[in-house]
Amino acid sequence: MSARRAAGLTITVMPPRRRTRSSELERETVRRTATISSALGREVRSGRRTRHLTQASLGARIDRCQSEVSEIERGQGGRIPLETWIAIGTALDRPLAVGFSRPLEARAAEPADAGHLRIQEYLLARASATGRPGTFEVPTRPTDPRRSTDVGIIDRPHATRIQAECWNVIGDLGAAARATHRKVAEAAATWPDDRIASVWVVAATAANRAILARYPHVLASAFPGSSRAWVRALEQGTEAPHQPGLVWFDPARGRLTEWRRATIQA
């Protein structure tokens, strides 16, 4: 601090305040920026190589030099503008997807498999409402509890055990189908006096719809049972179809809807 005299007045000049350390928000921002930049850089490198592009050729497409592309791929793109990331995604035919996650408090309050559990909760509630015992993660081979069906419904009037596999996110279709077939076979051996009926209940998200729409022949072969009849069986307690089926679960409305199979050209 210093003092100056002017026209009989004393003027005190304060030195600029120096920040000795960054705030917690700034530190977290730096950390997350580094993490995201590193992940995006790896995706850019992978996408560029998949499309057989050099760093220079990719740079030419987005109006950036080769050295800048190199920096981005090394995880140093934290300060490049959003429009550049959009241009990169367009050039690599992998459009950038941006959005805020749910609040941390909300995520902490929910289990990791909340979407999956919601489908299970709905099916068990409908089973109870229609007078049928429902089971959660029921082992299809009692001696090995690691092998279980997401939801089991005992339909005594029709001597049937319904095995419902619940899918919040569709992943490896082949592996999932093989697992379902194995569980059906195990259940048939465990409960030989009952018919084993199998259905997939899939969250009706845009991503899941897009995946299933790509493989109409695969889905038609795997799930020949009437989806409409399966919805009635799960919702109202009518007899389950004798063929495996697939139905949608609408997360927004909390209800089952029919899966309309694609028309397959002969």
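Above this text you will find the structure in question.
Residues numbered from 1 in each chain as written. Predicted model: local features only at pLDDT ≥ 70, side-chain atom pairs only at ≥ 80, totals over all residues. Heavy atoms only, no water.

Chemist: Before we go on, may I ask you to explain the packing of aromatic side chains in this structure?
Modeler: The geometry of two aromatic rings is summed up by the distance between their centres and the angle between their planes. Going through the model one piece at a time under the given rule, you end up with three aromatic pairs. With 5.4 Å between their ring centres and 55° between their planes, Y122 and F249 make a pair best called tilted. Placement of Y122 in helix α6 (residues 114-129) and of F249 in strand β7 (residues 245-250) is noted, with a sequence separation of 127 residues between them. Comparing Y122 with F249 shows no difference in burial state: the two are buried. Summarising the aromatic geometry, the rings of W167 and W200 are spaced 5.2 Å apart at their centres and angled 50° between planes, so their arrangement reads as tilted. A residue pair is termed long-range when its members are at least 10 positions apart, and W167 in strand β5 (residues 160-167) and W200 in strand β6 (residues 195-203) qualify at 33 residues. Three or more aromatic residues joined by ring pairs form one cluster here, namely W167, W200 and F223. (Phe/Tyr/Trp six-rings, centres within 6.5 Å; stacked < 30°, edge-to-face > 60°. Helix = DSSP H or I, 4+ residues; strand = E, 2+ residues; numbered from the N terminus. Buried < 20%, exposed > 50% of the residue type's maximum accessible area, 1.4 Å probe, protein only.)

Chemist: Looking at this structure, how should I read the pattern of salt bridges?
Modeler: Note that side chains of opposite charge can pair when their charged atoms are close. One pass over the structure, following the stated rule, counts eleven salt bridges. The salt bridge partner of R64 is E68, with a shortest N-O separation of 3.0 Å. What makes R64 partly exposed here is its relative accessible area of 23%. Sharing partners across several salt bridges, the network here consists of R45, R48 and E73. (Salt bridge = Lys/Arg side-chain N within 4 Å of Asp/Glu carboxyl O.)

Chemist: How should the pairing of strand β4 (residues 148-155) be read in this particular structure?
Modeler: Looking along a regular strand, one sees the side chains alternate between the two faces of the sheet. In terms of burial, β4 is largely enclosed, as eight of its eight residues are buried. Sheet topology note: the strand β3 (residues 134-139)/β4 ladder contains five bridges and is antiparallel. Looking at the pairing, G134 lines up with I153 of β4. Counting the residues between successive antiparallel strands, the hairpin from β4 to β5 contains four residues, one of them, A159, with a positive phi of roughly 50°. (Pairing = 2+ DSSP bridges.)

Chemist: Where do I start with the pairing of β7 in this structure?
Modeler: For β7, the buried fraction is high: six of the six residues fall into the buried class. Across the two faces of β7 the burial is the same, with G245, V247 and F249 and L246, W248 and D250 all buried. With five bridges joining them, β6 and β7 adopt parallel strand pairing. Bridge pairing in β7 links V201 to V247. Two elements, β7 and strand β8 (residues 255-258), share four bridges in a ladder whose sense is antiparallel. Looking at the pairing, D250 lines up with R255 of β8.

Chemist: What is the right way to look at the sheet that holds β7 in this model?
Modeler: Two strands in a sheet stick together by hydrogen bonds in their backbones, pointing the same way (parallel) or opposite ways (antiparallel). With mixed pairing, the six strands of this open sheet are ordered in space as β3-β4-β5-β6-β7-β8. With partners counted over all chains shown, the strands left at the sheet margins are β3 and β8, one partner each. The sheet shows a mean angle of 35° between the axes of neighbouring strands, taken without regard to direction. Against the sheet, α6 engages β3, β4, β5, β6, β7 and β8, with an angle of about 130° to β3. Here helix α10 (residues 227-236) sits on the sheet and contacts β4, β5, β6, β7 and β8; the angle it forms with β8, its principal contact strand, is near 160°. (Axes fitted to C-alpha atoms, helices over the stretch in contact; angles between N-to-C directions. Contact = heavy atoms within 4.5 Å.)

Chemist: What is the right way to look at the nonpolar core in this model?
Modeler: The nonpolar side chains of a soluble globular protein tend to be buried, and buried together. Among the nonpolar cores identified, the biggest contains 21 residues, and L123, I162, V201, W230, L234 and L256 are the most heavily contacted of them. Contributing elements (two or more residues each) for this core: α6, β4, β5, β6, α10 and β7. Setting aside its immediate chain neighbours within four residues, L123 contacts V151, I153, A164, C166, V201, L234 and L256. The next biggest cluster of nonpolar side chains, apart from the first, holds 13 residues, and it includes A176, W200, L246 and W259. (Core = buried A, V, L, I, M, F, W, Y, C linked by side-chain atoms within 4.5 Å.)

Chemist: How do you make sense of helix α8 (residues 206-213) when you look at a structure like this?
Modeler: Among all positions in α8, only N208, I211 and L212 are buried. Seen from one end, α8 has its buried residues packed into an arc of 95°, which puts them on one side. Turned more than 90 degrees off the buried face of α8, the exposed positions are A206 and A213. Looking at the buried positions of α8, the neighbouring elements they touch are β5, α7 (173-190), β6, α9 (216-222) and β7. (Arc of directions from axis to C-beta.)

Fair warning: the whole summary comes from geometry, so function is off the table for now.
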